[in-house]
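Next come the chains, spelled out residue by residue.
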Amino acid sequence: MEWSDVPGHLDWSGEITNLEPKLKVAELVAERVRDGDTIGVGSGSTAFLAIQAIAKRAKEKRLEVVAIPTSVEVGLACAALGVPTTSLVHARPDWCFDGADEVDPDRNLIKGRGGALFQEKLVMAAAPETFICVDDSKMVTSLGQKHAIPLEVDVQALRLVESTVEREFPVKEMALRLAKGKDGPVLTERGNLLIDIRLESVESDTQARLIAIPGIVETGLFMGFDVTILKA
Ligand SMILES: O=C(CO)[C@H](O)[C@H](O)COP(=O)(O)O
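Residues numbered from 1 in each chain as written. Predicted model: local features only at pLDDT ≥ 70, side-chain atom pairs only at ≥ 80, totals over all residues. Heavy atoms only, no water.

Q: Honestly, the site of the ligand in this entry has me stumped. Any pointers?
A: Taken together, 17 residues are adjacent to the ligand, and S43, S45, T46, D101 and K138 come closest. The separation between an oxygen atom of the ligand and a polar side-chain atom of S45 is 2.5 Å. Within the backbone of G114, an N or O atom sits 3.3 Å from an oxygen atom of the ligand. The fraction of the free accessible surface of the ligand (370 Å²) that becomes covered by protein chains is 96%. Judged by the proximity of its atoms to the pocket grid, the ligand belongs to the largest pocket. (Near = heavy atom within 4 Å. Polar contact = N/O pair within 3.5 Å; in protein donor to acceptor, adjacent residues only side chain to side chain. Areas by Shrake-Rupley, 256 points an atom, 1.4 Å probe, with all protein chains shown as cover. 1 Å grid on protein atoms, 1.4 Å probe; cavity = no way out; pocket = protein on both sides within 12 Å on 5 of 7 lines; lining within 4 Å. Sits in = over half its atoms within 2 Å of the grid points.)

Listed below in structure tokens is the structure:
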């Protein structure tokens, strides 16, 4: 058997909710692709559908594209689709796209349901232009209405972070994210833990105050990024 005959990993790991709008917005992203683009590829089901649409369009129109994946899952999808990949070590994205869990009226986001928030934020910070692909169910009047805020936390710092967050924030709920299909907690691509927190409210300084706590590697609050919202 040749290497190229080995089937890739093109199955999304969970159920895809709201499939129709996600497929439509995936097409909108694919239309933006130009020959020679290096594209930061977000994670989650919408990003997963979008990279499939991009791969299809690139093949049909003979466009050369290179992807910078933000998770193992999307990296495997790129490999299965025949989309070459690189990393931030080697290249800067011309633009990137991603999904979101919540979008507020000022285009601030909660991300990280899929646990890829750290690499997603790095790619977004590196890209001159970002498209956030969502449907109406993601729009909120203030962050934290529906989703918890994920915190990526160094393993050694778990108890320190939990007690500091509890002391310094009006915490409604806090939970260590547990794995499915493996005993114990979720480990991120960087070997860190995830804590999901619900706060009484998210303020403009919440991100800065959280990231100042030693042991918090990154948070799922994406505030102040100049993103374009693509909505089906
Ligand atoms: O932040 C993410 C992964 O870390 C996703 O982009 C976010 O959870 C949206 O996912 P989906 O497109 O499946 O609704």
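Q: Whenever I open this one, the sheet that holds strand β3 (residues 95-98) confuses me. Can you help?
A: Within a beta sheet, neighbouring strands are joined by backbone hydrogen bonds and run either parallel or antiparallel to one another. Taken together, five strands build an open sheet; the order of strands is β2-β1-β3-β6-β12 and the sheet is parallel. Strands at the two margins of the open sheet, each flanked by one partner only, are β2 (66-69) and β12 (227-231). For this sheet the average axis-to-axis angle between neighbouring strands, irrespective of direction, equals 25 degrees. Contacts between helix α2 (residues 45-61) and the sheet are confined to β1 (38-41), β3 and β6 (130-134), with β3 contributing the most and set at about 130 degrees to the helix. (Pairing = 2+ DSSP bridges. Helix = DSSP H or I, 4+ residues; strand = E, 2+ residues; numbered from the N terminus. Axes fitted to C-alpha atoms, helices over the stretch in contact; angles between N-to-C directions. Contact = heavy atoms within 4.5 Å.)

Q: Which parts of the structure should I look at to understand the nonpolar core?
A: Grouped burial of nonpolar side chains is what soluble globular proteins tend to show. Formed by 26 residues in total, the largest nonpolar core has its most connected members in V29, I39, I54 and F97. Of all the secondary-structure elements, those providing two or more residues to this core are α1 (19-30), β1, α2, α3 (72-81), β3 and β6. Looking at this core element by element, the count peaks at eight residues for α2. If sequence neighbours within four positions are ignored, I54 has contacts with V29, A30, V33, I39, V65 and F97. Ranked by size, the runner-up nonpolar core spans 20 residues in total, among them L158, V165, V171 and I216. (Core = buried A, V, L, I, M, F, W, Y, C linked by side-chain atoms within 4.5 Å. Buried < 20%, exposed > 50% of the residue type's maximum accessible area, 1.4 Å probe, protein only.)

Q: Looking at this model, I keep getting lost on the layout of surface pockets. Mind explaining?
A: Take a probe with the size of a water molecule and roll it over the atoms, and the empty space left behind shows itself. One number sums up the size of the largest pocket: a volume of about 1300 Å³. For the largest pocket, the lining is made up of 46 residues, of which W12, R113, G114, G115 and R177 are closest to its centre. Every element with two or more residues in the lining of the largest pocket is listed here: α2, α3 and β9 (193-199). The residue makeup of the lining of the largest pocket, split by class, is 14 nonpolar, 16 polar and 16 charged. (Points joined across faces, edges and corners; volume = space filled by probe spheres on them. Nonpolar A, V, L, I, M, F, W, Y, C, P; charged D, E, K, R; others polar.)

Q: Teacher, can you tell me more about α2 here?
A: Along an α-helix, a turn takes 3.6 residues, which lines up residues three or four apart on a common side. Over its 17 residues, α2 extends 24 Å from the first C-alpha to the last, a length consistent with the 24 Å expected when each residue adds 1.5 Å. Tucked into the core, α2 has its buried residues touching α1, β1, α3, β3 and β6. Within two residues after α2, R62 carries a phi angle of roughly 55 degrees, on the positive side. (Expected span 1.5 Å × (residues − 1).)

Q: How should I be thinking about empty space enclosed by the protein in this particular structure?
A: Going through the model one piece at a time under the given rule, you end up with two cavities of 30 Å³ or more. Of the voids in this model, the largest cavity is the one considered here, and its volume is about 50 Å³. Around the largest cavity, the lining residues are T70, G115, A116, F118, Q119, E152, T188, E189 and R190. Classifying every residue of the lining of the largest cavity gives two nonpolar, four polar and three charged. In terms of domain composition, the lining of the largest cavity takes at least three residues from each of domain 1 (3-140 + 225-231) and domain 2 (149-220). Reported here for the second largest cavity is a volume of approximately 30 Å³. Taken together, G144, H147, A148, I149, I197, R198, L199 and V202 form the lining of the second largest cavity. The leading source of residues in the lining of the second largest cavity is β9, at three residues. Residues that form the lining of the second largest cavity fall into these classes: five nonpolar, two polar and one charged. (Domains from an automatic or database assignment.)

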